[in-house]
Amino acid sequence: MIVYVTPANRHKFRQQLNQYYPLRKRVFCDKLGWVEAKPDGKEVDRFDSLFNVYILCIDDESGTVAGGVRMMPSTGPTLLHTVWADMLPDNNDFRSPNIWEATRFCVDEEISSRKSNLLNRTTLMLSMAVADFGNANGISHVIAVCEHYFFNMAGAYGPQAEILSTKVDENGLEISCGIWSTSSIQSLLTWSRALTGNVEPAIVREVA
Amino acid sequence: MFNIKVFPDFTSSKNDNQKEKAICKELAIIKQNIGAVYINVSFFDHNSTTTEAVHFLTYPISWISHYITHFYSNVDPLFKIDFRTVSMIDWQDLYRSREQQKLLDNFIENGLGQIGLTIVHHVQQDVYCVLSATFNFPTEKWPSRKLELLEMLRFHADQISEVYSQGYLVRGDLDYKITPREIECLYWVAMGKTDDQISNLLNIGKWTVTGHLQSAKYKLGTPSRSAAVARALTAGIIKLRRAA
């Protein structure tokens, strides 16, 4: 199940966010070493207090957060334009309310070790949810900075991202900055939906 | 607390203050840019104790009187929505009871539009801008037009929110400067090139091209790439070469 945590409904999903932040710590601090770990057991940065939307994948059986991603509008501070500014030709590139950054994309490998296909399924569902979120809200492009192999993996079940730049960080990891068009993702996700059994878009427009 | 300001058929009166006139002008620009029948905007401030709402309507006075006389605010589905929980509403998706269908039938009979779209724009902290537009489109063309209109409405919601917040248009002062790559892409659009051709010329991806143009549109304060090109030419940001 996918949930969209916006600034307006964040108070309803505190429990889920309190599972997502420690998951981020396990992935980005403990495993990748990208961020310095803090004693509170969570990975929370200054961007979490800004206007953003979290897309969380909840495991149907255990009810816990199996993965998540944070979406931020490029009109405000983003990781790409601050921490990874050297990966863009100009720090003012890709600034628009229709261009959002996807960050802190992570999947719980501990849950996936109990279910052989959950890792891939969670990744697939989150990716579809990002596309659905974009198409439902007029977002034309999604940009992201992550390990290069992720872009190859995403290309296996959806459109290839266009790589803007690549570099090797101090830990020897190959990091790339890529951009997708949400409309191109949407058109190629038909078979992915069949694979996961999610025939309807994840996002539901809430009305009275 | 409700505050309602009416600009019948997009006309302000001489008694309106500067901010009200600026909002009326912005609503008229939006109507022209997107081909809407009517445009209304509301601003909701959900502070800790109460919600304050300000509504700027462009409907004819006759409809507003009819609406009030029939107590339509009690059945209007848009009145029942907490706008903090949604980002976009296609009026065709709204649940309709018998009374609500009667309201919509009245609406259409009075020539106010057959289809409507509402978007919610988060302005700051607890302040939300709700922009609604009505259209006369054949039903079969609506799905393809809707996404494009959504993008344009989102742009205009950002614009009109700044007018409301500060009382004047601020697009002259750009938060982000236009970049060399964006200027390049605009130039080639002005020269009549397609996205694929620009992608080949600049040796970058097609989505990268469209991303640069999206960014350029926002920074130049325009809703479309042709308007962005016109603004860039006028401002001298790009210059077309004369043929030899």
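Structure's up top.
The structure presented is a predicted model; accordingly, all values stated were derived computationally and were not measured.

Asks: Any chance you could break down the overall build of chain B for me, citing the residues and the numbers?
Replies: Looking only at helices and strands, one finds 8 helices and 6 strands in chain B. Ordering the α and β elements of chain B from the N terminus gives β-α-β-β-α-β-α-β-β-α-α-α-α-α. Within chain B, the fraction of its 244 residues that count as buried is 50%. Sequence-distant contacts in chain B: of pairs separated by 6 or more residues, those separated by 24 or more amount to 61%. Taken as a whole, chain B presents about 12,400 Å² of accessible surface, with 50% of it coming from carbon and sulfur.

Asks: Talk me through the pattern of salt bridges; I want residue IDs and the actual numbers.
Replies: All names here are of chain A. Following the criterion strictly, the structure yields 16 salt bridges over all chains and no others. Residue Asp45 is joined to Arg70 by a salt bridge in which the shortest nitrogen-to-oxygen separation is 2.7 Å. Taken together, the residues Asp45 in the loop between α1 (14–31) and β2 (53–58) and Arg70 in strand β3 (residues 65–73) connect sequence positions 25 residues apart. In this pair, the class of Asp45 matches that of Arg70, namely buried. Where Asp48 meets Arg70, a salt bridge forms, and the shortest distance between an N and an O atom there is 2.9 Å.

Asks: So what about the packing of helix α5 (residues 180–190) of chain B against helix α6 (residues 195–202) of chain B? Which residues, and what values?
Replies: Residues and elements named next belong to chain B. It is the contact of α5 with α6, at a shortest axis distance of 10 Å, that shows an interaxial angle of 130°. Classified by the angle their axes make, α5 and α6 are oblique. Relative to α6, α5 is oriented so that their crossing is right-handed. Across from Arg181, Glu184, Cys185, Trp188 and Val189 in α5, the residues of α6 making contact are Ile198, Leu201 and Leu202. Here the contact of α5 with α6 is composed, by residue class, of 6 nonpolar, no polar and 2 charged.

Asks: Explain the packing of aromatic side chains residue by residue, including any values.
Replies: Applying the stated criterion to the full structure yields 25 aromatic pairs over all chains. Ring centres of A:Phe150 and A:Phe151 lie 6.4 Å apart, and the angle between their planes is 70°; this geometry places the pair in the edge-to-face category. For the residue pair A:Phe150 and A:Phe151, the accessibility class agrees, reading buried in each case. Geometrically, the ring pair formed by B:Tyr59 and B:Phe107 is edge-to-face, given 5.7 Å between the ring centres and 85° between the ring planes.

Asks: Provide a residue-level description of the nonpolar core, including the pertinent values.
Replies: Taken as a class, soluble globular proteins show a tendency for nonpolar side chains to be buried jointly. Ranked by size, the top nonpolar core spans 56 residues in total, and within it B:Leu27, B:Ile34, B:Ile39, B:Val41, B:Leu131 and B:Phe135 carry the most contacts. A total of 8 residues in this core trace back to one element, the largest contributor, which is helix α4 (residues 142–166) of chain B. Here B:Leu131 is in contact with B:Leu27, B:Ile30, B:Ile39, B:Asn40, B:Val41, B:Leu117, B:Thr118, B:Ile119, B:Leu153, B:His156 and B:Ala157, once residues within four sequence places are set aside. A:Val69, A:Val130, A:Cys146 and A:Ala161 belong to the second largest nonpolar core, which has 26 residues in total.

Asks: Please set out the sheet that holds strand β5 (residues 141–147) of chain A residue by residue, giving values where relevant.
Replies: Residues and elements named next belong to chain A. Reading across from one edge, β1-β2-β3-β4-β5-β7-β6 is the order of the 7 strands in this open sheet, with mixed pairing throughout. On the outer flanks of this sheet lie β1 (2–5) and β6 (162–168), each paired with one strand and no other. Here the strands of the sheet are splayed against their neighbours by 20° on average, with no regard to which way each runs. Bridge count for β6 against strand β7 (residues 174–181) is 6 bridges, and the pairing is antiparallel. Residue pairing for β7: Thr166 is matched across the bridge by Ser176. Seen against the sheet, α1 touches β1, β2, β3 and β4 (99–107) and runs at an angle of roughly 80° to β4.

Asks: Summarise helix α8 (residues 225–234) of chain B; cite the residues concerned and give the values.
Replies: All names here are of chain B. Taken together, the buried positions of α8 are occupied by Ala228, Val229 and Ala232. For α8, the angular spread of the buried residues around the axis is 100°, confining them to a single face. Of the residues in α8, the exposed ones pointing more than 90 degrees away from the buried face are Ser226 and Thr234. On the buried face of α8, the contacting elements are α5 and α7 (206–220). Among the residues trailing α8, Gly236 stands out with phi positive, at a value near 75°.

Rules behind the numbers
Residues numbered from 1 in each chain as written. Chains lettered and ligands numbered in written order. Predicted model: local features only at pLDDT ≥ 70, side-chain atom pairs only at ≥ 80, totals over all residues. Heavy atoms only, no water. Helix = DSSP H or I, 4+ residues; strand = E, 2+ residues; numbered from the N terminus. Buried < 20%, exposed > 50% of the residue type's maximum accessible area, 1.4 Å probe, protein only. Contact = heavy atoms within 4.5 Å. Areas by Shrake-Rupley, 256 points an atom, 1.4 Å probe, with all protein chains shown as cover. Salt bridge = Lys/Arg side-chain N within 4 Å of Asp/Glu carboxyl O. Axes fitted to C-alpha atoms, helices over the stretch in contact; angles between N-to-C directions. Parallel < 35°, antiparallel > 145°, perpendicular 65-115°, else oblique. Left-handed = near helix turned anticlockwise from the far one by under 90°. Nonpolar A, V, L, I, M, F, W, Y, C, P; charged D, E, K, R; others polar. Phe/Tyr/Trp six-rings, centres within 6.5 Å; stacked < 30°, edge-to-face > 60°. Core = buried A, V, L, I, M, F, W, Y, C linked by side-chain atoms within 4.5 Å. Pairing = 2+ DSSP bridges. Arc of directions from axis to C-beta.

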